[in-house]
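Below are the chains, spelled out letter by letter.
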Amino acid sequence: MARIHFIVEETAKVAYRTQARREGKSLGEWLREAAEEKLVSARPRKFTVEELREFEARCDARHPPGAREPDWPEIKRILVETRYPDYDSE
């Protein structure tokens, strides 16, 4: 197991230790849990299959029946025209 040392103000250390005691934990345990919570919250959220199906249904509902997505050459043309409105690709 590795050690990590970091410097904090004495008032912060007292506050951390006080909160750890309130939760019935050692200061080290409390700090490890806090660091783990930070890591977990920074990870991208994984969606469930049901959430993906709901998203697809909402997307499908926004377009009329039979509507299609443009193909790649059409998308490129739209991007160029949007970025360079005076550009004539033909």
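Described in the following lines is the structure provided in the data block. (Residues numbered from 1 in each chain as written. Predicted model: local features only at pLDDT ≥ 70, side-chain atom pairs only at ≥ 80, totals over all residues. Heavy atoms only, no water.)

### With respect to the overall build of the protein chain
Along the protein chain, the regular secondary structure elements total four helices and zero strands. Mapped in sequence order, the helices and strands of the protein chain form the string α-α-α-α. Relative to the 2.2 N^0.38 estimate, which gives 12 Å for 90 residues, the radius of gyration of the protein chain is 27 Å and therefore markedly larger than a compact globule would have. In terms of overall dimensions, the protein chain has a C-alpha envelope of 70 × 35 × 25 Å along the principal axes. For the protein chain, buried positions account for 3% of its 90 residues. Accessible area for the protein chain stands at about 9,000 Å²; split by element, carbon and sulfur atoms hold 56% of it. Averaged over its 18 positive side-chain charges, the protein chain has a centre that lies 11 Å from the centre of its 19 negative ones. (Helix = DSSP H or I, 4+ residues; strand = E, 2+ residues; numbered from the N terminus. Rg over C-alpha atoms; globule rule 2.2 N^0.38 Å. Buried < 20%, exposed > 50% of the residue type's maximum accessible area, 1.4 Å probe, protein only. Areas by Shrake-Rupley, 256 points an atom, 1.4 Å probe, with all protein chains shown as cover. Lys, Arg positive; Asp, Glu negative; His and termini not counted. Charge placed at Lys NZ, Arg CZ, Asp CG, Glu CD.)

### Re helix H1 (residues 10-22)
For H1, built from 13 residues, the straight-helix expectation of 18 Å at 1.5 Å per residue is met to within 8% by its first-to-last C-alpha distance of 18 Å. Just past H1, the residue Gly 24 takes up positive phi, approximately 70°. (Expected span 1.5 Å × (residues − 1).)

### Thoughts on the pattern of salt bridges
Pairing between side chains becomes possible if they bear opposite charge and their charged atoms approach one another. Inspection of every chain in the model, using the stated rule, returns six salt bridges. Two residues, Glu 23 and Lys 25, come together in a salt bridge whose shortest N-O distance is 3.2 Å. Judged by its relative accessible area of 37%, Glu 23 is partly exposed. Its salt-bridge partner being Arg 45, residue Glu 51 comes within 3.0 Å of it at the nearest N-O pair. Here the salt bridges do not stand alone but share partners, grouping Glu 23, Lys 25 and Glu 33 into one network. (Salt bridge = Lys/Arg side-chain N within 4 Å of Asp/Glu carboxyl O.)

### A few points about a nonpolar patch on the surface
Taken together, the side chains of Ile 4, Phe 6 and Val 8 define a hydrophobic patch exposed on the protein surface, amounting to about 330 Å² of accessible area. The topology assignment puts Val 8 in the segment before H1. (Patch = residues over 30% accessible without salt bridge, like charges linked within 9 Å, V, L, I, M, F, W, Y side chains within 5 Å.)

### Re the packing of H1 against helix H2 (residues 27-42)
Remark: H1 packs on H2, axes separated minimally by 9 Å, with the N-to-C direction vectors making an angle of 95°. With respect to their mutual orientation, H1 and H2 come out roughly perpendicular. Seen from H1, the contacting residues are Lys 13, Tyr 16, Arg 17, Gln 19 and Ala 20; seen from H2, they are Leu 27, Trp 30 and Leu 31. (Axes fitted to C-alpha atoms, helices over the stretch in contact; angles between N-to-C directions. Parallel < 35°, antiparallel > 145°, perpendicular 65-115°, else oblique. Contact = heavy atoms within 4.5 Å.)

### Digging into the environment of Phe 6
Along the chain, the position of Phe 6 falls in the segment before H1. Given the relative accessible area of 52%, Phe 6 is considered exposed. Placed 80 residues apart in sequence, Phe 6 and Asp 86 show a C-alpha to C-alpha distance of 58 Å.

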